[in-house]
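Residues per chain are reported as follows:
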Amino acid sequence: MIPELAKASVLMRDRSRVEETIQAMQRAGPDALQVISDFDMTLSRFAHNGKRCPTTHNILDNDLLINDTCKKMIRELLNTYYPIEIDATRTVEEKLPHMVEWWTSVHELLIQQKIRRDLLAQAVKQSSAMLREGYKVFFDRLQEQQVPLLIFSAGLGDILEEVIRQNHVFHPNVHVISNYMDFDQSGVLRAFKGQLIHTFNKREGALLHAAHFRELKERPNVLLLGDSLGDLTMADGLAHTQHALTIGFLNDQVEERKESYVNSYDIVLVKDETMDVPNAILNYIT
Ligand code: C5P
Ligand code: MG
């Protein structure tokens, strides 16, 4: 049905259920579909030529914006908390307080650095951030078919928007829920807006943005893309789902996490830096 699903990097717990869901989504067509996607390490690349690509937070690791002491502290925080975020042996409940600590500490450091809004675009240009191969086909097709795309990110909204703008895919069908910076009148970072979103509280974020989902209630089919098990709660704001298909990118700690990903996501893509599978499914459905 979809040759891309036969690749060795594609794992499925229940192949026939996946095929039935895709067929049902195809019958309902593009008007019934919405797409909800995580950003960092899902739409953006995890690695390129063997080197890690930055998350939206890590794009700020630039002399333009922060000093060396702050860089060092942010890197230390990453080295402490990222292993906890992806640890297959801890429960989400155990991870929660650590995630809040990580995000809060980094956001406080960024505020102390008095980051300037007018330098963000340049920092994004200078970074090695990249969207996954095939991203343009993905964004352009959703725009052409007028399928709404919600990007739901625990990263930094201002940076995320700049990345997709610079890649020429910030189309009118794209809506973003993320952590946004609050600048003072002179354009200096003074706080973060709204309730903090981290990897494991996307469910609360989804419920807070229930109005967004209500507007899309006539679109009962959802394609969800993520790279963390926390991303599976991004669609919890939806009340009228008929068919849902979830695709998880398993980028890191593959052997340790394979089983839990296969049990949680309908389709798991192992170390796949492309949008080939989502694009093939969209091509079939729309
Ligand atoms: O867009 P997404 O929800 O994936 O963004 C969150 C990601 O950003 C997390 O998976 C985390 O590893 C990363 N992060 C980071 N630096 C921080 C906080 C989170 O790189 N200070
Ligand atoms: Mg992510």
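Sequence order as written defines the numbering, with residues in each chain counted from 1. Going through the entries in the order they are written, you letter the chains from A and number the ligands from 1. Local features are withheld for residues below a pLDDT of 70 in this predicted model, meaning they are given only at 70 or higher, and side-chain atom pairs are given and counted only at 80 or more; totals for whole chains, interfaces and linings count all residues. Based on all heavy atoms of the structure, the side-chain values leave hydrogens and waters out of the count.

1. Focus: the packing of helix α2 (residues 68–85) against helix α3 (residues 92–112)
Between two packed helices, both the angle of their axes relative to each other and the distance between the axes serve to describe the pair.
Step number 1: Direction vectors running N to C along α2 and α3 enclose 165°, while the axes themselves pass 10 Å from each other. With respect to their mutual orientation, α2 and α3 come out roughly antiparallel. Our pair here, α2 against α3, has a crossing hand that is left-handed. Along the contact surface, α2 presents Cys70, Met73, Ile74, Leu77, Leu78, Tyr81, Tyr82, Ile84 and Glu85, while α3 presents Lys95, His98, Met99, Glu101, Trp102, Ser105, Val106, Leu109 and Leu110.
Step number 2: For this scheme, ten residues count as nonpolar: Ala, Val, Leu, Ile, Met, Phe, Trp, Tyr, Cys and Pro. Four count as charged, namely Asp, Glu, Lys and Arg, and the remainder, Gly too, count as polar. Its residues assigned to classes, the contact of α2 with α3 shows 13 nonpolar, two polar and three charged. Where helices are involved, their axes are fitted lines through C-alpha atoms of the stretch in contact, as for all axes, and angles between N-to-C directions lie from 0 to 180°. Helix and strand definitions follow DSSP, with helices as H or I runs of at least four residues and strands as E runs of at least two, each counted in order from the N terminus. Note that the term roughly parallel is reserved for angles under 35 degrees, roughly antiparallel for angles over 145, roughly perpendicular for angles of 65 to 115, and oblique for everything else. With the far helix as reference, a near helix turned anticlockwise by less than a right angle produces a left-handed crossing, and one turned clockwise produces a right-handed crossing. In what follows, a contact means two residues having at least one pair of non-hydrogen atoms within 4.5 Å.

2. Notes on the site of ligand 1
Step number 1: When at least one non-hydrogen atom of a residue lies within 4 Å of a molecule or strand, that residue is treated as near it. Close contacts around ligand 1 come from 15 residues, with Asp38, Thr55, Glu85, Ser153 and Ala154 the closest.
Step number 2: What qualifies as a polar contact is a pair of N or O atoms within 3.5 Å, subject to a donor-acceptor requirement within protein and to the restriction that residues adjacent in sequence count only when both atoms come from side chains. A distance of 2.7 Å separates an oxygen atom of ligand 1 from a polar atom in the side chain of Thr55.
Step number 3: In the environment of ligand 1, an oxygen atom lies 2.9 Å from a nitrogen or oxygen atom belonging to the side chain of Lys202.
Step number 4: Every accessible area reported is derived by Shrake-Rupley at a probe size of 1.4 Å, with residue values counting cover from the shown protein chains alone. Out of a free accessible area of 470 Å², ligand 1 has 96% covered by protein chains.
Step number 5: Of all the secondary-structure elements, those providing two or more residues to the shell around ligand 1 are α2, α3 and β5 (149–156).
Step number 6: Taken together, the residues that form the shell around ligand 1 break down as six nonpolar, five polar and four charged.

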